Amino acid sequence: MRNLQFPELPRQWSSHGYEIDELLGQGSYGAVYRMVRNKGTDQEEYWALKVIEKNLTKKRIRFQYRNDIAAARRDFGKEFNKLAREVNILESFMDEKYIVQIKGSCLEKMPEENYWRAYIQMEYLTELMDYAYPEEEDLESSNLESSDEYADLFMSLIADWRDKWQKPQMPFYFVQLPNHEKKEEAQDDSDWAAMREAQAQALHLNHTGMVVTTDIGKEKSNTFQSTLETGLRLSQLALKQTYGKRKMPQYPVYKGYSIEGNTLRIHFENLGKGFLHPDPVRGFIIAGTDRIFYPATVTVKKKEIIVQSPDVPHPVAVRYNWANHTDGTLFGASGLPVAPFRTDNW
């Protein structure tokens, strides 16, 4: 990949006084710069400029395509066309609320050089630059010691952002913590599970939504292993809740419970046609008044779950997927996982 440090701007920007003054970020896919116009004047304006550059190298042709230059160039052209389609889709959302705006684009393709480059001019959100983001070690230590405090802070952050942008109804969608450390069927003392619960408290605020990712990810990792799937779920959430697309899938949501003899019956919302589940269902634990949890057996009855255990003749509490790295297997008919929950507040 060529050096993307302060690339030369195409004429559609340079001829109108735009210049690049800062590299905001760079990765394997491209780089994002800050582009400024009328710098130092009262008409100063800033934009973000994403630059994506691809070069079909001789090494790729030799090893990936075994020197089949025609096939290599054909696939390379498809990559360019795919990017062009994505840019066109983004440009079709111009003037939509709550979406970062694309102002313009320039795509250059030079097949004789096996090379192409794309420039995408985007809205520059100056407000976001003032916020500090927590380091990973902060998330794993100090925050995990007080999930109640985290819940309050998280909801305060949402309210503060809405106040700063003067948009009290601004949608706020977030991703619940993924799996972490080794896989466990259940851990009644999981701080990570308590943090997931603290995040979910924000759903009490209007125009919020949460993506559950406990079914994706590797052991001993707290990064999302399926970026595509996570992004898809976020987009489905936005399309349904912000743009009113009714046919988008929903997450089954724990609603309440009732005790019936030696069983505990769990009730849900947003179930649609019910559950998708294997036999047996994993991830449930149950406890009596002694607060000692035991693995539970589960019976699925249409839109309810019946939980019991021979070790708990008088159940009072149930937890599902209450672990750092969950092992639960309960999904709604939509294909989306049931979020971790508990019926107690111990």
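About the thresholds
- Residues numbered from 1 in each chain as written.
- Predicted model: local features only at pLDDT ≥ 70, side-chain atom pairs only at ≥ 80, totals over all residues.
- Heavy atoms only, no water.
- Helix = DSSP H or I, 4+ residues; strand = E, 2+ residues; numbered from the N terminus.
- Buried < 20%, exposed > 50% of the residue type's maximum accessible area, 1.4 Å probe, protein only.
- Contact = heavy atoms within 4.5 Å.
- Areas by Shrake-Rupley, 256 points an atom, 1.4 Å probe, with all protein chains shown as cover.
- Pairing = 2+ DSSP bridges.
- Axes fitted to C-alpha atoms, helices over the stretch in contact; angles between N-to-C directions.
- Core = buried A, V, L, I, M, F, W, Y, C linked by side-chain atoms within 4.5 Å.
- Parallel < 35°, antiparallel > 145°, perpendicular 65-115°, else oblique.
- Left-handed = near helix turned anticlockwise from the far one by under 90°.
- Salt bridge = Lys/Arg side-chain N within 4 Å of Asp/Glu carboxyl O.
- Phe/Tyr/Trp six-rings, centres within 6.5 Å; stacked < 30°, edge-to-face > 60°.
- pLDDT = per-residue confidence, 0-100.

Caption draft 1: Summary view of the overall build of the protein chain. Along its length, the protein chain carries 7 helices and 17 strands. Counting the 346 residues in the protein chain, one finds 40% classified as buried. Considering only intrachain contacts with a sequence separation of at least 6, the fraction spanning at least 24 residues in the protein chain is 61%. Per element, the accessible surface of the protein chain, about 20000 Å² overall, is 48% carbon and sulfur.

Caption draft 2: Inspection of the sheet that holds strand β9 (residues 263-269) at higher detail. Pairing in this open sheet of 4 strands is antiparallel, and the strands run β8-β9-β14-β13 from one edge to the other. The sheet terminates laterally at β8 (253-260) and β13 (297-301), the two strands that pair on one side only. Each neighbouring strand pair of the sheet contributes to a mean axis angle of 25 degrees, computed without reference to strand direction. Summarising the sheet, β13 and strand β14 (residues 304-308) pair through 5 bridges and their orientation is antiparallel. Considered in β14, the bridge of Val300 is made with Ile305.

Caption draft 3: Fine view of the pairing of strand β15 (residues 317-320). Going residue by residue along β15, you find Ala317 and Arg319 tucked away on one face and Val318 and Tyr320 tucked away on the opposite face as well. As judged from the 4 bridges shared by strand β11 (residues 284-287) and β15, these two strands associate in the antiparallel manner. When the sheet's bridge partners are listed, Ala287 is paired in β15 with Ala317. Where β15 lies against strand β17 (residues 341-342), 2 bridges are found, and the strand directions are antiparallel. In the strand pairing of β17, Arg319 is matched with Arg342.

Caption draft 4: Examining helix α6 (residues 191-200) more closely. Counted residue by residue, α6 has 7 buried out of 10 residues, so it is predominantly covered. All buried positions along α6 are accounted for by Trp192, Ala193, Ala194, Met195, Arg196, Ala198 and Gln199.

Caption draft 5: Representation of the nonpolar core. Counting residues in hydrophobic clusters, the biggest one holds 21 residues, and the most contacted among them are Phe154, Phe172 and Phe174. It is helix α5 (residues 147-164) that contributes the most residues to this core, 5 residues altogether. Look past the residues within four positions of Phe154 in its chain and what remains in contact with it is Phe172, Phe174, Gln199 and Ala202. Counting 18 residues, the second largest nonpolar core, distinct from the first, contains Leu264, Ile286, Val298 and Val338.

Caption draft 6: Structural context of the packing of α5 against α6. Their axes nearest at 8 Å, the elements α5 and α6 cross at an angle of 25 degrees. Considering their axes alone, α5 and α6 lie roughly parallel with respect to each other. Classified by chirality, the crossing of α6 by α5 is right-handed. Residues Ser147, Tyr150, Ala151 and Phe154 of α5 lie in contact with α6, whose contacting residues are Ala194, Met195, Ala198 and Gln199.

Caption draft 7: Examining the pattern of salt bridges more closely. For the coordinates displayed, the defined rule picks out 14 salt bridges. Between Arg34 and Asp21 there is a salt bridge, with its nearest N and O atoms 2.8 Å apart. One end of the pair, Arg34, is in strand β2 (residues 31-37); the other, Asp21, is in strand β1 (residues 18-26), and 13 residues separate them in sequence. Neither residue differs from the other here; Arg34 and Asp21 are each classed as buried. Measuring nitrogen to oxygen at the nearest pair gives 2.9 Å for the salt bridge that ties Asp327 to Arg282. Residue Asp327 is found in the loop between β15 and β16 (331-332), and its partner Arg282 is found in the loop between β10 (275-276) and β11; the two are separated by 45 residues along the sequence.

Caption draft 8: Region of interest: the pairing of β11. Residues Phe284 and Ile286 point to one face of β11 and Ile285 and Ala287 to the other, with burial holding for every one of them. Both β11 and strand β12 (residues 293-295) contribute to a ladder of 3 bridges, which runs antiparallel. If you follow Ile286 over to β12, its bridge partner there is Tyr294. In this structure, the hairpin formed by β11 and β12 is closed by a connection of 5 residues, where Arg291 is found at a positive phi of approximately 65 degrees.

Caption draft 9: Expanded view of the packing of aromatic side chains. With the rule as written, the count across this model stands at 17 aromatic pairs. Seen from their ring centres, Phe172 and Phe174 are 6.4 Å apart, and the 45 degrees between their planes marks the pair as tilted. Note on Phe293 and Trp346: the rings are 5.7 Å apart at their centroids and 55 degrees apart in plane angle, and the pair reads as tilted. Within this pair, whereas Phe293 is found in strand β12, its partner Trp346 is found in the segment after β17, the two being separated by 53 residues in sequence. Taken together through their ring pairs, the aromatic side chains of Tyr150, Phe154, Trp161, Trp165, Phe172 and Phe174 make up a single cluster.

Caption draft 10: Layout of the confidence of the model for the protein chain. Considering every residue of the protein chain, the mean pLDDT works out to 83; 87% of them sit at 70 or more. In the predicted structure, residues 219-225 sits below a pLDDT of 50 and forms 22 contacts with residues beyond four places in sequence or in another chain.

Caption draft 11: A look at the environment of Lys302. In this structure, Lys302 sits in the loop between β13 and β14. Linking Lys302 and Phe275, residues 27 residues apart in sequence, is a C-alpha distance of 7.4 Å.

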